[in-house]
Number of protein chains: 2
Amino acid sequence: MNPTMEIFSQGEEIVTGQTVDTNAAWLSQQAVACGFTVTRHSTAGDNLADLTALLQDISQRADCCICTGGLGPTSDDLTAEAVAQAFNLPLEFDAIAFAQISRFFAQRNKTMPGSNRKQAMLPHGCERIDNEWGTAPGFSLQYGCCWFAFLPGVPMEMKRLFEERIRPTLSSRFLLQPRQLVTIKTIGIGESDIQERINSIEIPAGVQLGFRAGADEVQTKLLFPFNYPETAKLAAKFAEQLGDYVFAIDGLGEITGDLVFEIDKLMTSGKHALAVVETVSQGLLAAKCVGSEWLLSSIYQQSTSKLGQNPLAETDTENLFAAAKAIATDLKKHSGADFVLVQLVAGDNKTLHDKDKSMAIYNTLLAGDKFHHAAHSVAGPIKRKQNQAALLALDLLRRYLQNKSMNH
Amino acid sequence: MNPTMEIFSQGEEIVTGQTVDTNAAWLSQQAVACGFTVTRHSTAGDNLADLTALLQDISQRADCCICTGGLGPTSDDLTAEAVAQAFNLPLEFDAIAFAQISRFFAQRNKTMPGSNRKQAMLPHGCERIDNEWGTAPGFSLQYGCCWFAFLPGVPMEMKRLFEERIRPTLSSRFLLQPRQLVTIKTIGIGESDIQERINSIEIPAGVQLGFRAGADEVQTKLLFPFNYPETAKLAAKFAEQLGDYVFAIDGLGEITGDLVFEIDKLMTSGKHALAVVETVSQGLLAAKCVGSEWLLSSIYQQSTSKLGQNPLAETDTENLFAAAKAIATDLKKHSGADFVLVQLVAGDNKTLHDKDKSMAIYNTLLAGDKFHHAAHSVAGPIKRKQNQAALLALDLLRRYLQNKSMNH
């Protein structure tokens, strides 16, 4: 049996819905990956009686509890006081915490407001969690059957403290037998097609198969029991069946990300530069690459007929690819980019806005002096069509960079 | 005293962190606007004992509880069963619910799987909540001091059911004295400048002033007591002090949205069309308008020097505005748009990536045959610079459309 974990978020801004509690989701993912069973999330506002009752309840239910928020300097930050009341552990001045808080302000050439002294008052007998990334130290303590860790609510600070101060200590406190999750990330293939392709693979007892279809990728997930010997081997079998649709495999040691993350790695290491022509995706393609140095230019035209030298008739595939070739050749000359990606479309603006109609998209990549073409159909509401169009154009580039087949 | 509300979310995908619980935040905002005090959010996974205990606890604590999730057809959807156990209300077959579920499938020409019959089993004595937007009906019941409403977890269905079936009934069940929130939305002005400008306004007792600085807008919030007589008058005083930076005022009856929402209203009603040249914002400007019919074309160039007929020297403001004029005039001729927006920049790609350096941005709007210019400085990490650049260009257009001053 895994040890149980509860997540406790404190803050009026969460309980009133002003802030979506992304901390709880992030911590839960980490906890599951460490080998806990997460049983509950609870959120309470700035109410001392409510916080106290909740802490007492949790101490009787869970093996471990990570709490976020309520460690700030103002009077509505009540976590330490609630802990003191709930577990009868009076607050005591912690000189080291106070020195750290003072240093935080001194390093920024700021005067420490008197109210920050409150953040150095910690419950009797707790262990201080040093925080180099903000003013408030965290703290941890055991009460009843539950080990509590209290962290600031600022996501950046919370994440750093969890990664550097909490996670490394968990395996000495709990018997953890984490399962291993391998995620095979694909683009351009739907869930039912994936299922058909992997039908023939026999899934060993104890291994769980799952799917997750997001807007930007479809994930095939394999959850392996603790210390399963053949993780990589089974994952490879799945990846083989899914072929060139796979753009990354997560959970086998390599750091992976989304499609643009994978493209960014290869564009940067190869010192490539890209110029883009978009139609359907209306700037989304360029925006997905925001922050990258290798995207030199992008042109968006609502109407394909306005691209190129002459008005472009939206006729057959061959015509459109010929037009794309001309546009790409011209753009390569002027942009200074070694790669040019051109997205053309058959269908008018009405088709784009009609969720019951699909649109044909023609992507062309000019890399070196070779052209690569791919035709796709995108369907659904306009936002889905535009997002798919941006992704499928980028996927043509990804396939080239990864030396994969360009036709699918 | 306001009645208290708790939000209860059910689902393994939330408790394990696979899904961020946006339902809880949305429902909390609605509840606060209705006049409730939201005291807690709780989330539990697919564990019958845990769900049952949580329901019993809530029935002793809160006046009202909205629950989402766990109403699906599969065996891990346990909400109705947990209610039956917690409150000793055996599940009974609801013929009307079953007919609705059957109709849902029939209308889509699909065969109803046998498992969906489970969704027609409702706790004894509850009130059914009809659901035209999905398969699962909701239900409500009073237990102890708490009125519970159980809704599906699919956000779209949950929202529709809350808006159409729950909210209209709340005022007959509870004594609600909602406070009124007026939000003044600004762009291009920071929180401290706002505070300075409104310093002179005397805030009546009982009215709360707050700020919220997001990535895309800064909100000045006025929270008025129930039935406060001079809401609009005080809001107008604030808006006057903030001047042309205000792009929308929410909470006084008019439907408002973000900056692009406001621009969209005016572009659509005026039947205008826009062509855009972006530099710093790298396609983000166009992407922010995604789905709009009035954005005809957009050009992104990483380097300002590649725009225009001749290489463009990044020199002084006048030179840059002269260059922008030429680019805009040329683009207006070819694009068929009556508005052209040109964003130029002084500073190279290195400045963009350096979070300690700020960049000067020169926006030009050509509307009719008149040019309007605005110069800005954007600072911070690259993502912030790019986002601000996109927003400030759009804000020049907004000012023109709203007949506001173009210089700030």
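This structure is a prediction, so every number in the text was calculated from the model and none was measured.

Q: I tried to follow the pattern of salt bridges on my own but got confused; where do I start?
A: Note on pairing: side chains with opposite charge can pair once their charged atoms come close. Applying the stated rule across the entire model yields 28 salt bridges over all chains. For B:Arg40, the salt bridge is made with A:Asp50, and the minimal N-O distance between the two is 3.4 Å. In this pair, B:Arg40 sits in strand 2 (residues 37-44) while A:Asp50 sits in helix 3 (residues 48-61), so the two residues belong to two different chains. A residue is classified by how much of its surface remains accessible, and B:Arg40, at 3% relative accessible area, is buried. Assessed through its relative accessible area of 16%, A:Asp50 is described here as buried. The closest approach of N and O atoms between A:Glu254 and A:Lys265, which form a salt bridge, is 3.8 Å. Of this pair, A:Glu254 sits in the loop between strand 12 (246-250) and helix 9 (259-269) while A:Lys265 sits in helix 9; the two residues are eleven residues apart in sequence, bridging distant segments of the chain. By sharing partners, the salt bridges in this structure join A:Asp94, A:Arg128 and A:Asp130 into a single network.

Q: In this structure, what is going on with the environment of B:Tyr300? I would like to understand it.
A: Note that B:Tyr300 resides in strand 14 (residues 295-301). Classification of B:Tyr300 as buried rests on a relative accessible area of 2%. In this structure the C-alpha to C-alpha distance between B:Tyr300 and B:Val280, which are 20 residues apart in sequence, comes to 8.4 Å. Leaving out residues up to four positions away in the same chain, B:Tyr300 has contacts with A:Leu295, A:Leu296, A:Ser297, A:Ser298, B:Glu278, B:Thr279, B:Gln282 and B:Gly283.

Q: Quick question: what am I supposed to make of the relation of the copies chain A and chain B here?
A: Copies of the same chain, two in number, are related to each other by a rotation about an axis and a translation along it. At an RMSD of 0.2 Å, chain A and chain B line up after a rotation of 180° and a shift of 0.1 Å along the axis. The superposition operator between the copies reduces to a two-fold rotation axis. When the interface residues of chain A are mapped onto chain B, 100% of them again lie at the interface, so the same face is used by both copies.

Q: Which parts of the structure should I look at to understand the sheet that holds strand 14 of chain B?
A: Strand pairing in a sheet is mediated by backbone hydrogen bonds. Such pairs are either parallel or antiparallel. Spatially, the ten strands line up as an open sheet ordered 17(A)-16(A)-15(A)-13(A)-14(A)-14(B)-13(B)-15(B)-16(B)-17(B), and their pairing is mixed. Two strands lie at the open edges of the sheet, namely strand 17 (370-378) of chain A together with strand 17 (370-378) of chain B, each paired on one side alone. Neighbour-to-neighbour, the strand axes of the sheet open up by a mean angle of 15°, direction not taken into account. Here five bridges tie strand 13 (residues 274-278) of chain A to strand 14 (residues 295-301) of chain A, and the two strands are oriented parallel to one another. By the bridge assignment, A:Val276 is partnered in strand 14 of chain A with A:Ser298.

Q: Just checking my understanding: could you explain the interface of chain A and chain B for this structure?
A: You'll often see interface size given as the accessible area lost when the parts meet. Residue-level contacts link 54 residues of chain A with 54 residues of chain B. Between chain A and chain B, a total of about 4,200 Å² is buried, with carbon and sulfur atoms accounting for 46% of that surface. For the interface between chain A and chain B, the tally reads two salt bridges. At the boundary of chain A with chain B, the tally comes to 32 residue pairs in polar contact (both at pLDDT 80 or more). A breakdown of the residues in the side of chain A that touches chain B according to their chemical character gives 19 nonpolar, 27 polar and eight charged. In this structure, strand 14 of chain A lies alongside strand 14 of chain B, joined through five bridges in antiparallel fashion. The residue bridging A:Ser298 from the neighbouring strand is B:Tyr300, located in strand 14 of chain B.

Q: Help me understand the confidence of the model for chain A, please; the structure alone is not making it clear to me.
A: When pLDDT is low, close inspection of the predicted coordinates is not appropriate. On average, residues of chain A score 92 in pLDDT, and 97% of them reach the 70 mark or higher. The complex prediction reports pTM at 0.83, with the ipTM value standing at 0.81.

Q: In this structure, what is going on with the sheet that holds strand 9 (residues 180-186) of chain B? I would like to understand it.
A: All names here are of chain B. With respect to topology, four strands assemble into an open sheet ordered 10-11-9-12, the strand pairing being antiparallel. A single partner strand is all that each edge strand has here, and the edge strands are strand 10 (208-213) and strand 12 (246-250). Across the sheet, the axes of successive neighbouring strands diverge by a mean angle of 20°, strand direction being ignored. Of the pairings in the sheet, the one linking strand 9 to strand 11 (residues 218-224) comprises seven bridges and is antiparallel in character. Within the sheet, the bridge partner assigned to Gln180 lies in strand 11 and is Phe224.

Q: Would you take a moment to explain the packing of aromatic side chains for this structure?
A: Centre-to-centre distance and the angle between the planes together describe a pair of aromatic rings. All names here are of chain A. In the structure shown here, the tally under the stated rule is 22 aromatic pairs over all chains. Between the aromatic rings of Phe36 and Phe174, the centroid separation amounts to 5.2 Å while the plane-to-plane angle is 70°, which identifies the pairing as edge-to-face. With Phe36 in the loop between helix 2 (22-34) and strand 2 (37-44) and Phe174 in the loop between helix 6 (155-173) and strand 9 (180-186), this residue pair connects regions lying 138 residues apart in the sequence. A relative accessible area of 3% places Phe36 in the buried class. On the numbers, 5.9 Å between centres and 80° between planes, the contact of Phe104 with Phe105 is edge-to-face. One exposure class covers both Phe104 and Phe105, and it is buried. The ring of Tyr245 has Arg399 lying over it, and the distance from NZ or CZ to the ring centre is 5.3 Å.

Q: What exactly am I supposed to notice about the environment of A:Ser28 here?
A: You can see A:Ser28 is positioned in helix 2. Among the residues examined, A:Ser28 registers a relative accessible area of 0% and is labelled buried. On a C-alpha basis, the gap between A:Ser28 and A:Gly134 in space is 23 Å, while along the polypeptide they are 106 residues apart. Look past the residues within four positions of A:Ser28 in its chain and what remains in contact with it is A:Ile7, A:Val38, A:His41, B:Val15, B:Thr16 and B:Gly17.

Q: Please explain the nonpolar core as it appears in this structure.
A: Most often, soluble globular proteins have nonpolar side chains that are buried together. Counting 60 residues, the largest nonpolar core has A:Leu274, A:Leu397, B:Leu274 and B:Leu397 as the members making the most contacts within it. Those residues in contact with A:Leu397 that lie beyond four places of it in its chain are A:Ile263, A:Met267, A:Leu274, A:Phe339, A:Leu341 and A:Leu365.

Q: How should the pairing of strand 9 of chain A be read in this particular structure?
A: Along any regular strand, the residues point their side chains to alternate faces of the sheet. Residue and element names in this part refer to chain A. When you tally the buried positions in strand 9, you get five out of seven residues, the bulk of the element. With four bridges joining them, strand 9 and strand 12 adopt antiparallel strand pairing. Bridge pairing in strand 12 places Ile184 opposite Ile249.

Q: For this particular structure, what's the right way to read the side chain of A:Asn116?
A: Residues and elements named next belong to chain A. Mapped onto the elements, Asn116 comes out in the loop between helix 5 (95-107) and strand 5 (121-123). A residue is classified by how much of its surface remains accessible, and Asn116, at 4% relative accessible area, is buried. Side chain to side chain, Asn116 and Gln119 meet in a polar contact 2.9 Å long. Ignoring sequence-local partners within four residues, the contact set of Asn116 consists of Pro73, Ile101, Phe105 and Thr135.

Q: How should I be thinking about helix 13 (residues 382-401) of chain B in this particular structure?
A: Two residues of an α-helix separated by three or four positions point the same way, owing to the 3.6 residues in each turn. All names here are of chain B. Taking 1.5 Å of rise per residue, 20 residues should cover 28 Å, and helix 13 covers 29 Å from first to last C-alpha, within 8% of that figure. Burial of helix 13 is extensive: 17 of the 20 residues sit out of reach of the surface. Asn403 occupies a position one or two residues after helix 13 and carries a positive phi of about 55°.

Q: Sorry, what's going on with the packing of helix 2 of chain A against helix 6 of chain A here?
A: Between two packed helices, both the angle of their axes relative to each other and the distance between the axes serve to describe the pair. Residues and elements named next belong to chain A. Running from amino to carboxyl end, helix 2 crosses helix 6 at an angle of 20°, the nearest separation of the two axes being 12 Å. In this view, helix 2 runs roughly parallel relative to helix 6, as classed from their interaxial angle. Pair helix 2 / helix 6 crosses with right-handed handedness. Residue-level contacts link Asn23, Trp26, Leu27, Gln30 and Cys34 of helix 2 to Pro155, Met158, Lys159, Phe162, Glu163, Arg167 and Leu170 of helix 6. Residue composition of the contact of helix 2 with helix 6, grouped by class: seven nonpolar, two polar and three charged.

Criteria and thresholds
- Residues numbered from 1 in each chain as written.
- Chains lettered and ligands numbered in written order.
- Predicted model: local features only at pLDDT ≥ 70, side-chain atom pairs only at ≥ 80, totals over all residues.
- Heavy atoms only, no water.
- Salt bridge = Lys/Arg side-chain N within 4 Å of Asp/Glu carboxyl O.
- Helix = DSSP H or I, 4+ residues; strand = E, 2+ residues; numbered from the N terminus.
- Buried < 20%, exposed > 50% of the residue type's maximum accessible area, 1.4 Å probe, protein only.
- Contact = heavy atoms within 4.5 Å.
- Least-squares fit on C-alpha atoms with pLDDT ≥ 70 in both.
- Pairing = 2+ DSSP bridges.
- Axes fitted to C-alpha atoms, helices over the stretch in contact; angles between N-to-C directions.
- Buried area = accessible area lost by both parts, 1.4 Å probe.
- Polar contact = N/O pair within 3.5 Å; in protein donor to acceptor, adjacent residues only side chain to side chain.
- Nonpolar A, V, L, I, M, F, W, Y, C, P; charged D, E, K, R; others polar.
- pLDDT = per-residue confidence, 0-100.
- Phe/Tyr/Trp six-rings, centres within 6.5 Å; stacked < 30°, edge-to-face > 60°.
- Lys NZ or Arg CZ within 6 Å of the ring centre and 35° of its normal.
- Core = buried A, V, L, I, M, F, W, Y, C linked by side-chain atoms within 4.5 Å.
- Expected span 1.5 Å × (residues − 1).
- Parallel < 35°, antiparallel > 145°, perpendicular 65-115°, else oblique.
- Left-handed = near helix turned anticlockwise from the far one by under 90°.

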